Amino acid sequence: MSLILLNPGPVTLSPRVRRALGRADLCHREPEFAALQSGIRAKLLAVYGLDPAQWAAILLTGSGTAAVEAMLCSLVPHEAGLATVENGVYGERMTRIARAHRIECHPVPHPWTEPPSSAALAATLAAHPRCTRVGLIHHETTTGRLNDVAAFAATAGGVPLLLDAVSSFGGERLEFEGWNLGACAATANKSLHGVPGTAFVIARRELLEDTGRTVYLNLVDYCRAQDAGTTPFTQSVQTFYALDEALNELLEEGGWQARHAEYQRRMRTVREHLIGLGVEPLLPDGVSSCVLNAFRLPAGVPYAQLHDGLKAAGFIIYAGQGELARTLFRVSTMGAISGNDLERLLVAFDRLLR
Ligand SMILES: *Cc1c(COP(=O)(O)O)cnc(C)c1O
């Protein structure tokens, strides 16, 4: 039996994306590959209606973290510092990446279950005038919180945001100009419904800088090569096929707005059903994403018991991370999930939790 994945990526594939994986073998130095790559880059910009003269979609072979690392390495100038807003695993990971590359980094830490504070960011920027970039997570997958990017953009003044949109790109609203983004990092295998192996950065072209910090993750090299129809290194051709098909599917279905509405329907169904079973969501509705919600494990139900019971019924949920591992479970709405799948999920929850 094939499992329905309710973890935050990789996702359950649609039949057409799965079929795309089996297309003809292709050399990454041939014109057919150049056309595939250019098509994906154009479609990624089209998802949020971005102008190709201002913005570049840069494709990498790696997971979402590779895109985040490439973004921080290639968009923080040497004389600049980076303030990182932390309220979960992924914000803290930005700080680790910056420090690994000896980037001057000033974290703005928060407890994982708290909304991050723009006043705390303002204080950090005032104390460290060299901070001319802000690193922020859009959807903090640790807890399911959608951070208020607009508020941070206002606090940052003219300082560009480097946004981790790995788990929101394609499923949530993103305002590239309104939020003064310098770049955002994302991946094929979350809300875009592709397979793991391709990640990307959408960068404001004028901010890309060859900092010399990295070879494999140097976005200036990738961008120059991809603008010329080539690639500096071997790309994961089959995952490109899948991403291209996944983008066709997304755009045909009505773009991010239609996907967002579908995720909202799914999440409302799951959330209301679980509340009816006495399960408490970690966060209020208004601050939660539609991509993933976290719930408190009911007393007397260890995570392994819930996970294994759902797995036997055909569903994979996700544990909490770090300090939240023993108290939470998480459910994501991404991927090819039918109404019938959702109905079966609710029945399985009834059997395990009632
Ligand atoms: C999934 C995710 C990542 C990247 O994780 P990988 O395992 O490297 O794909 C980064 N940030 C956020 C917010 C994520 O949800």
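Bear in mind that the values here come from a model prediction, so they are computed numbers and not experimental data.

S.K.: I'm lost on the side chain of Ser-168 in this one. Help?
M.R.: Within the fold, Ser-168 resides in the loop between β8 (161-164) and β9 (181-187). Residue classification places Ser-168 among the buried residues on the basis of a relative accessible area of 0%.

S.K.: Any chance you could explain the site of the ligand here in plain terms?
M.R.: In the vicinity of the ligand, the contacting residues are Ser-63, Gly-64, Thr-65, Tyr-90, Arg-93, Ile-137, His-139, Thr-141, Asp-164, Val-166, Ser-167 and Lys-190. Gly-64 has a polar backbone atom sitting 3.1 Å from an oxygen atom of the ligand. Note that a nitrogen atom of the ligand is positioned 2.7 Å from one of the side-chain N or O atoms of Asp-164. Calculation on the ligand without its partners gives an accessible area of 380 Å², and the protein chains cover 85% of this total. Elements represented by at least two residues in the shell around the ligand include exactly α3 (64-75) and α4 (89-100). A per-class count over the shell around the ligand returns three nonpolar, six polar and three charged.

S.K.: Please clarify how the environment of Thr-211 should be interpreted in this entry.
M.R.: Looking at where Thr-211 falls in the secondary structure, it is placed in the loop between β10 (198-204) and α7 (219-227). Look at Thr-211 and you get buried, because its relative accessible area is 10%. For the pair Thr-211 and Ala-319, spaced 108 residues apart in sequence, the C-alpha to C-alpha distance is 38 Å. Dropping the residues within four chain positions of it, Thr-211 is found in contact with Cys-73, Val-76 and His-78.

S.K.: How should the pattern of salt bridges be read in this particular structure?
M.R.: Under the criterion given, the structure shown has 17 salt bridges. Taking the shortest distance from any N to any O, the salt bridge between Asp-227 and Arg-205 comes out at 2.9 Å. Taken together, the residues Asp-227 in helix α7 and Arg-205 in the loop between β10 and α7 connect sequence positions 22 residues apart. Each of Arg-16, Arg-23, Glu-245 and Glu-252 takes part in a single network of salt bridges with overlapping partners.

S.K.: How should the packing of aromatic side chains be read in this particular structure?
M.R.: Counted under the stated rule, the structure contains eleven aromatic pairs. Taking the centre distance of 5.2 Å and the plane angle of 80 degrees together, the rings of Trp-55 and Phe-176 count as edge-to-face. Remark: Phe-176 occurs in the loop between β8 and β9 and Trp-55 occurs in strand β2 (residues 55-61); sequence separation between them is 121 residues. Here Trp-55 falls in the buried class, since its relative accessible area comes to 1%.

S.K.: Explain helix α11 (residues 339-353) here, please?
M.R.: Along an α-helix, residues three or four positions apart point the same way, because every turn accommodates 3.6 residues. Taking 1.5 Å of rise per residue, the 15 residues of α11 would be expected to cover 21 Å, and the 21 Å separating its terminal C-alpha atoms lies within 8% of that figure. Every buried residue belonging to α11 is among Asp-341, Leu-342, Leu-345, Leu-346, Ala-348, Phe-349, Asp-350 and Leu-353, and all of these are buried. In this structure, the buried side of α11 is in contact with β1 (4-5), α9 (255-276), α10 (303-313), β12 (315-316) and β14 (328-332).

Definitions and limits used
- Residues numbered from 1 in each chain as written.
- Predicted model: local features only at pLDDT ≥ 70, side-chain atom pairs only at ≥ 80, totals over all residues.
- Heavy atoms only, no water.
- Helix = DSSP H or I, 4+ residues; strand = E, 2+ residues; numbered from the N terminus.
- Buried < 20%, exposed > 50% of the residue type's maximum accessible area, 1.4 Å probe, protein only.
- Near = heavy atom within 4 Å.
- Polar contact = N/O pair within 3.5 Å; in protein donor to acceptor, adjacent residues only side chain to side chain.
- Areas by Shrake-Rupley, 256 points an atom, 1.4 Å probe, with all protein chains shown as cover.
- Nonpolar A, V, L, I, M, F, W, Y, C, P; charged D, E, K, R; others polar.
- Contact = heavy atoms within 4.5 Å.
- Salt bridge = Lys/Arg side-chain N within 4 Å of Asp/Glu carboxyl O.
- Phe/Tyr/Trp six-rings, centres within 6.5 Å; stacked < 30°, edge-to-face > 60°.
- Expected span 1.5 Å × (residues − 1).

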